[in-house]
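Inside the fold
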Amino acid sequence: MSETPNLTYIKELADGSQSFEQKIIDIAKREFLEEKKEFLQNYDNKIFGQAAENVHKLKHKIGMFGMETGYQTTADFEQGLKENNPSLYPKFIVILDTIEYFLKTI
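Residues numbered from 1 in each chain as written. Predicted model: local features only at pLDDT ≥ 70, side-chain atom pairs only at ≥ 80, totals over all residues. Heavy atoms only, no water.

Another point: the packing of helix α4 (residues 68–82) against helix α5 (residues 89–105). The contact between α4 and α5 brings their axes to 10 Å, and the two run at 135°. Taken together, the axes of α4 and α5 are oblique relative to one another. Judged by the sense of rotation from one axis to the other, the crossing of α4 with α5 is left-handed. Contacts between α4 and α5 involve Gly70, Thr73, Thr74 and Phe77 on the former and, on the latter, Tyr89, Lys91, Phe92 and Ile95. Classifying every residue of the contact of α4 with α5 gives 4 nonpolar, 3 polar and 1 charged. (Axes fitted to C-alpha atoms, helices over the stretch in contact; angles between N-to-C directions. Helix = DSSP H or I, 4+ residues; strand = E, 2+ residues; numbered from the N terminus. Parallel < 35°, antiparallel > 145°, perpendicular 65-115°, else oblique. Left-handed = near helix turned anticlockwise from the far one by under 90°. Contact = heavy atoms within 4.5 Å. Nonpolar A, V, L, I, M, F, W, Y, C, P; charged D, E, K, R; others polar.)

Following this line, the structure appears as structure tokens:
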């Protein structure tokens, strides 16, 4: 994947407040890992409707980290899950792994 996560949107929201920026990052780290875990459980159990809801939540974090292509792939994957079509799963997992690595390094 050539697209990399960034903090541009979070920095704009924080408007120079380091403490606010850090709070957003801390919340995103915690929620992202929880939501990823829940998604994987639902996906592995083939509960695609619930997995689509998990993907919907994750989609917003993907957008928050500036991944426009990843956001669109995630939106397409979410729709696919609603139609019992998980074909974009491999691309979605790469996006999740990319963000997880990013979160571990910031």
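Quick look at the nonpolar core now. Ranked by size, the top nonpolar core spans 26 residues in total, and within it Phe39, Phe65, Leu81, Phe92 and Ile99 carry the most contacts. Those elements that place two or more of their residues in this core are α2 (18–44), α3 (48–64), α4 and α5. If we ignore the near neighbours within four places in the chain, the residues touching Phe92 are Phe39, Val55, Leu58, Ile62, Thr74 and Phe77. (Core = buried A, V, L, I, M, F, W, Y, C linked by side-chain atoms within 4.5 Å. Buried < 20%, exposed > 50% of the residue type's maximum accessible area, 1.4 Å probe, protein only.)

Glancing now at the packing of aromatic side chains. One pass over the full model with this rule turns up 9 aromatic pairs. Look at Phe39 and Phe77: their rings are 6.1 Å apart centre to centre, the planes differ by 75°, and that puts the pair in the edge-to-face class. Taken as a pair, Phe39 in helix α2 and Phe77 in helix α4 lie far apart in primary sequence, 38 residues in all. Phe77 matches Phe39 in its accessibility class, with the two residues each being buried. Centre to centre, the rings of Phe77 and Tyr89 are 6.5 Å apart; their planes meet at 55°, and the pair counts as tilted. Separated by 12 residues along the polypeptide, Phe77 in helix α4 and Tyr89 in helix α5 bring together distant segments of the chain. (Phe/Tyr/Trp six-rings, centres within 6.5 Å; stacked < 30°, edge-to-face > 60°.)

As a further point, take the confidence of the model for the protein. Mean pLDDT over the protein: 96, with 99% of residues reaching 70 or higher. When mean pLDDT is compared element by element in the protein, α4 scores highest at 97, while helix α1 (residues 8–14) scores lowest at 95. (pLDDT = per-residue confidence, 0-100.)

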